[in-house]
Structures are given as C-alpha cells and as structure tokens.
Amino acid sequence: MKYILSLVICSSVSNTCMPPVTSTIMYENTYNCLIDGYKNSIKIIESMGEEEVNKHDLYAKFVCIEQKEKGKINEDI
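Student: Quick question: what am I supposed to make of the packing of aromatic side chains here?
Tutor: Each pair of aromatic rings is reported with the distance of its centres and the angle of its planes. If you walk through the whole model with that rule in mind, you get one aromatic pair. Between tyrosine 38 and phenylalanine 62, the aromatic rings sit 4.9 Å apart at their centres with planes inclined by 90°, giving edge-to-face as the arrangement. On the criterion of sequence distance, the pair formed by tyrosine 38 in helix H1 (residues 30-48) and phenylalanine 62 in strand S4 (residues 58-69) is long-range, its members being 24 residues apart. Residue classification places tyrosine 38 among the exposed positions, given a relative accessible area of 54%. The exposure class of phenylalanine 62 is partly exposed, given its relative accessible area of 22%.

What follows is the structure, given as structure tokens:
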C-alpha cells in the first residue's frame, strides 16, 4: 500500500481549522508518512511564529491516508 499525508492547522481560540494541505508525495509505508507529518507540522508551526501560535492557540494535526488503488483514496479513514 501507498500513503499520502494530509495536514491541517487549527485554532483552539476560534475552534476552526484551515483547509487541509495534502501532499503530492506517495509514501511507501505509514512510518515514513508519519515522520514527514511530524517534521512538516514543526516547520509550519515555526513559520507561523511564537506570537501567532500563542495568540490563536494554534496546533497541527495530520493523517496518513492509505491509497487502495492507483488514483483512489480510501475514504473510510
């Protein structure tokens, strides 16, 4: 199976999330997808800056979505 990464930034203050960003990279396994998810989350939070993150209580969440067939996403996740 292959996996794609979908990441979203949310605000605890406004109880909303930005639209998800889905990677174009296809990962060979869950492990590699998760590692990139954590790395990308850190980069995004750092790029937003301490002041904005604290002001809006921002956090990142992500999921590695299993690809069942070429071009099809398993929507049961």
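Student: Where do I start with the pairing of strand S1 (residues 2-11) in this structure?
Tutor: Every regular strand shows the same layout, with side chains that alternate between the two sheet faces. Counting buried positions over the ten residues of S1 gives nine, a clear majority of the element. Both S1 and strand S3 (residues 21-22) contribute to a ladder of two bridges, which runs antiparallel. Pairing of serine 6 across the sheet is with threonine 22, part of S3. In this sheet, strand S2 (residues 16-17) lies alongside S1 in antiparallel orientation, the contact comprising two bridges. Paired with serine 11 across the two strands is threonine 16, which belongs to S2. Linking S1 to S2, which pair antiparallel, is a turn of four residues; within it asparagine 15 sits at a positive phi near 55°.

Student: Would you mind showing me how to read the side chain of serine 6 here?
Tutor: Locating serine 6 in the fold gives a position in strand S1. Its relative accessible area of 12% is what places serine 6 among the buried residues. A distance of 3.4 Å separates a polar atom in the side chain of serine 6 from a polar atom in the side chain of threonine 22. Leaving out residues up to four positions away in the same chain, serine 6 has contacts with Pro20, Val21, Thr22, Lys61, Phe62, Val63 and Ile65.

Student: Sorry, what's going on with the state of the cysteines here?
Tutor: By definition, a disulfide links the sulfur atoms of two cysteine residues through a covalent bond. Taken as a whole, this structure holds two disulfides when the rule is applied. Two residues share a disulfide in this structure: cysteine 10 and cysteine 17, whose sulfurs sit 2.0 Å from each other. Residues cysteine 10 and cysteine 17 are joined through a disulfide that is right-handed, its torsion about the S-S bond being 100°. For cysteine 17, a relative accessible area of 42% translates into the label partly exposed. In this model cysteine 33 forms its disulfide with cysteine 64; the gap between the sulfur atoms is 2.2 Å. Negative torsions about the S-S bond denote left-handed disulfides, and the value of about -105° found for cysteine 33 with cysteine 64 makes this one left-handed. Of the two residues, cysteine 33 is situated in helix H1 and cysteine 64 in strand S4; the sequence distance between them amounts to 31 residues. Cysteines bonded in the protein are numbered consecutively along the chain; their disulfide partners then correspond to 1-2, 3-4.

Basis of the calculations
- For every chain, the first residue of the written sequence is number 1, and numbering continues from 1 along that sequence.
- Two thresholds apply to this predicted model, a pLDDT of at least 70 for residue-level local features and 80 or more for giving and counting side-chain atom pairs, whereas whole-chain, interface and lining totals are computed over all residues.
- Computation of side-chain values covers all heavy atoms of the structure but excludes hydrogens and water.
- Only the six-membered ring of Trp is used, alongside the rings of Phe and Tyr, when aromatic pairs are assigned; centres must lie within 6.5 Å, and planes under 30 degrees apart are stacked while those over 60 apart are edge-to-face, with the rest tilted.
- Under the scheme used here, helices are H or I runs from DSSP no shorter than 4 residues and strands are E runs no shorter than 2 residues, and both carry numbers assigned from the N terminus.
- Exposure is judged per residue with a 1.4 Å probe applied to protein chains only, and the accessible area is read against the type maximum: over 50% gives exposed, under 20% gives buried, and values in between give partly exposed.
- Any two strands with at least two DSSP bridges between them are considered paired.
- Distance and chemistry together define a polar contact, namely a pair of N or O atoms within 3.5 Å, with one atom able to donate a hydrogen and the other to accept it when in protein, and with adjacent residues in sequence counting only for side-chain atoms on both sides.
- When checking whether two residues touch, look at their non-hydrogen atoms; a contact exists if any pair is within 4.5 Å.
- Our working definition of a disulfide is a cysteine sulfur pair at a distance within 2.5 Å.

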